[in-house]
Amino acid sequence: MSISPLSQEQIETILQYDAEKRFQYLLKEVTTQGQIWILTDEHGCVMLNSEDEDCVPVWPNQEFAQAWATGDWEDCKPESISVNKWRSRWTPGLEDDELAIVVFPNLDQEGLILYPDEFDDALKQQAQKAGRR
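Because the structure is predicted, anything quoted here is derived from the model rather than measured.

(A) Seen up close, the packing of aromatic side chains. One pass over the full model with this rule turns up eight aromatic pairs. Residues Tyr17 and Tyr25 carry aromatic rings whose centres are separated by 6.4 Å and whose planes lie at 75° to one another, so their mutual orientation is edge-to-face. Exposure remark for Tyr25: the relative accessible area of 14% places this residue in the buried category. Centroid distance Phe64 to Phe104: 4.7 Å. Interplanar angle 55°. Geometry classified as tilted. Linking Phe64 in helix H3 (residues 62-67) with Phe104 in the loop between strand S6 (100-103) and strand S7 (112-114), this pair joins segments that are 40 residues apart in sequence. For Phe64, a relative accessible area of 3% gives the class buried. One aromatic cluster is present, built from ring pairs that chain together Tyr17, Tyr25, Phe64 and Phe104. Directly above the aromatic system of Tyr17 lies the positively charged group of Lys21, at a separation of 4.4 Å from the ring centroid. The ring centre of Phe104 lies 5.8 Å from the NZ or CZ of Arg22, which sits over that ring.

In structure tokens form, the structure reads like this:
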């Protein structure tokens, strides 16, 4: 499936969204595209830390993940994970490791924090709305 890249104008508009609107955008994109984006380095998946949780940041598109690959993270690469693989491996793995998910963090590191089962439920609900299983 070919995915057309976002224009700079689209990226700038989407980055102005608040955390809830970015979350809704991510759910729609992930459901449509069938993939979730993370950043990885030689040690694995990049992590963020909130006051209470260690979190895996996820993005809806390669462009937003790539935008984070600066400074300390300039050696990181965006990597896509299929929704099926996310559900079968990542959700249980994150739960086992007691990790949370930060959904589509903006460049100020602001984003909704969800537990893996909450994120999985939101993806399922979005898929049902879109008429997919």
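(B) Highlighting unusual backbone geometry. Positioned with a positive phi, Glu98 is a non-glycine residue whose angle comes to about 55°. Tracing the chain through its elements places Glu98 in the loop between helix H4 (83-96) and S6. The backbone phi angle of Gln109 is positive, close to 65°, even though this residue is not glycine. Following the sequence through the fold, Gln109 ends up in the loop between S6 and S7.

(C) Fine view of the pairing of strand S1 (residues 35-41). Extensive coverage of S1 is indicated by the burial of six of its seven residues. Bridge analysis of S1 against strand S5 (residues 77-82) gives six bridges, and the strand direction is antiparallel. Among the inter-strand pairings, Trp37 is bridged to a residue of S5, identified as Ser80. Strand direction decides the pairing type here: S1 and strand S2 (residues 44-45), joined by two bridges, are antiparallel. Within S2, the position partnered with Asp41 by the bridge is Gly44. Connecting the antiparallel pair S1 and S2 is a turn made up of two residues.

(D) Focus on the nonpolar core. Ranked by size, the top nonpolar core spans 38 residues in total, and within it Leu39, Val58, Trp86 and Phe119 carry the most contacts. Mapped by element, the contributors of at least two residues to this core are helix H1 (8-15), helix H2 (19-33), S1, strand S4 (54-58), H3, H4, S6 and helix H5 (116-129). For this core, the leading source of residues is H2, giving five residues. Those residues within four positions of Phe119 in sequence are excluded, and the remaining contacts are Phe23, Leu26, Ile36, Val58, Trp86, Ile101, Val103 and Leu114.

Quick notes on the rules
Along each chain, residue indices are assigned from 1 in the same order as the chain's sequence is written. Only residues with pLDDT of 70 or above have their local features reported here, since the model is predicted, and side-chain atom pairs are shown and tallied only from 80 upward, although totals for entire chains, interfaces and linings are computed over all residues. Hydrogen atoms and water are omitted, and side-chain values are computed over all heavy atoms in the structure. Side-chain rings of Phe, Tyr and Trp, where Trp is taken by its six-membered ring, are said to pair if the distance between their centres is within 6.5 Å; with planes under 30 degrees apart they count as stacked, over 60 as edge-to-face, and otherwise as tilted. Classification of residues uses two cut-offs on accessible area relative to the type maximum, computed with a 1.4 Å probe and protein chains only: under 20% is buried, over 50% is exposed, and between them is partly exposed. Numbering goes from the N terminus for both helices and strands, where a helix is a DSSP run of H or I of at least four residues and a strand is a run of E of at least two. Definition used: whenever NZ (Lys) or CZ (Arg) falls within 6 Å of the ring centre and also within 35 degrees of the ring normal, the charge is taken to sit over that ring. One requirement defines pairing of two strands: DSSP has to find at least two bridges between them. Note on terminology: a nonpolar core comprises buried Ala, Val, Leu, Ile, Met, Phe, Trp, Tyr and Cys residues joined through side-chain atoms within 4.5 Å. Contacts are residue-level and defined by heavy atoms, with any inter-residue pair within 4.5 Å sufficient.

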